[in-house]
Amino acid sequence: MKQYADREYLHTRIYAMRGRLLRLRDYSSLLREHELLSEKTDDLQQSMLAEKEKIFRDQVGDVVKLAEATGYHDPLFLAFLRRYEILNMKLLLAKAFGRETFEQWYDIGRYSILDRSLIGENLSLELMERTLKDTYLGGIFEGTKNYERLLIRLDGLTITNMLNCADKLDPDDGIYLREILFMRAAVLITIWKWRLSVNYGWDDTRIALYVEPFKDLMGRELPNYITLVEEILQSGMEDLKKHKGSTPDTGEIENHLETWYYRWMQSVFYRDFHSICCVAAYLWLLGLQIRNIFSIVEGLRFRLPHDSILGRIISDP
């Protein structure tokens, strides 16, 4: 049943769904529950993958149901779901190139172009290119057969899908969505720059070459957002140093910026009930919740202490 609701109905539903998102105490309870389950299985890796796939289906179930509720929001819901199908594509590419990878599949229901059965096939780039030629994934193969370049193009495709949504919205909503996307990109680029510098010893010139394609993709506005996020990080560095007693590592920097973005996104959610803000913010918060639950499952798989697992969770107290 398509386009059965108006925007106000959908926004009311989203507000109710926002109220059901997990808080830190809920994650703590989940941690104890999943620990009991993990003790009952011998094959921890396969059970972890199966559990994560089930978690994903459960978490996105409502989004799949709402994806064609209004017509107006459809491109945004579809772009959100395709973020995960692009991860499926990365898995298939890894197998085609003979790379080691976890065979986790993200099931987005009837919106999926890729079928899970492809995992078991003897894939080649030529077969994938022919099969996907007339889909939104087909363009990544143009002019390259390089594995790393294909992965970068898939990351760019995620951004492009979201930017295309902004062009299909009412003008004010388009502005709101671009702000969310630019701020998110700025946070990620700031984290990448820190990680590439500290962990891999890259110089500024090499880092600039790495992030330049993303700047080109998003346009002239992005550098202003990067400057803002870098200023936010710089202002928080002293507090991080005082708390730890030394210069924070990249994990702590990432957690600091992700936590800041989470708080900012919460304020975006409540900015204007009648705008796209609540829908876009909810989808990002849901994506974060999926990542949080995955962190619990993965942490138990590798037998990390509870405090360490919960320390990676970004949520309300």
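Scroll up to find the structure.
Residues numbered from 1 in each chain as written. Predicted model: local features only at pLDDT ≥ 70, side-chain atom pairs only at ≥ 80, totals over all residues. Heavy atoms only, no water.

Trainee: Just to check I follow, could you spell out the packing of aromatic side chains for this structure?
Mentor: Given two aromatic rings, one states the distance between the centres and the angle between the planes to describe the pair. In the structure shown here, the tally under the stated rule is 17 aromatic pairs. Ring centres 5.1 Å apart and planes at 55° place the aromatic pair Trp192 and Phe214 in the tilted group. Within this pair, whereas Trp192 is found in helix α7 (residues 171-198), its partner Phe214 is found in helix α8 (residues 204-218), the two being separated by 22 residues in sequence. On the basis of relative accessible area, Trp192 is assigned to the partly exposed category, the value being 26%. Assessed through its relative accessible area of 6%, Phe214 is described here as buried. On the basis of an interplanar angle of 15° and a centroid distance of 6.4 Å, the ring pair of Trp260 and Trp264 is categorised as stacked. Taken together, the residues Trp260 and Trp264, both in helix α10 (residues 250-269) and 4 residues apart, mark about one turn of the helix. The exposure class assigned to Trp260 is partly exposed, which follows from its relative accessible area of 23%. Here Lys52 stacks its cationic end above the ring of Phe294, 4.8 Å away from the centre of that ring. The ring of Trp202 is capped by Arg206, whose NZ or CZ atom sits 3.9 Å from the centre of that ring. (Phe/Tyr/Trp six-rings, centres within 6.5 Å; stacked < 30°, edge-to-face > 60°. Helix = DSSP H or I, 4+ residues; strand = E, 2+ residues; numbered from the N terminus. Buried < 20%, exposed > 50% of the residue type's maximum accessible area, 1.4 Å probe, protein only. Lys NZ or Arg CZ within 6 Å of the ring centre and 35° of its normal.)

Trainee: How should I be thinking about the packing of α7 against α10 in this particular structure?
Mentor: Describing two packed helices takes the angle between their axes plus the distance from one axis to the other. Packing of α7 against α10 brings their axes to within 10 Å, and their N-to-C directions diverge by 175°. Taken together, the axes of α7 and α10 lie roughly antiparallel to each other. Counted together, Glu179, Ile180, Met183, Arg184, Val187, Thr190, Ile191, Trp194, Arg195 and Val198 of α7 and Thr250, Ile253, Glu254, Leu257, Glu258, Trp260, Tyr261, Trp264, Met265 and Val268 of α10 form the full contact between these two elements. For the contact of α7 with α10, the class distribution of residues is 13 nonpolar, 2 polar and 5 charged. (Axes fitted to C-alpha atoms, helices over the stretch in contact; angles between N-to-C directions. Parallel < 35°, antiparallel > 145°, perpendicular 65-115°, else oblique. Contact = heavy atoms within 4.5 Å. Nonpolar A, V, L, I, M, F, W, Y, C, P; charged D, E, K, R; others polar.)

Fair warning: the whole summary comes from geometry, so function is off the table for now.
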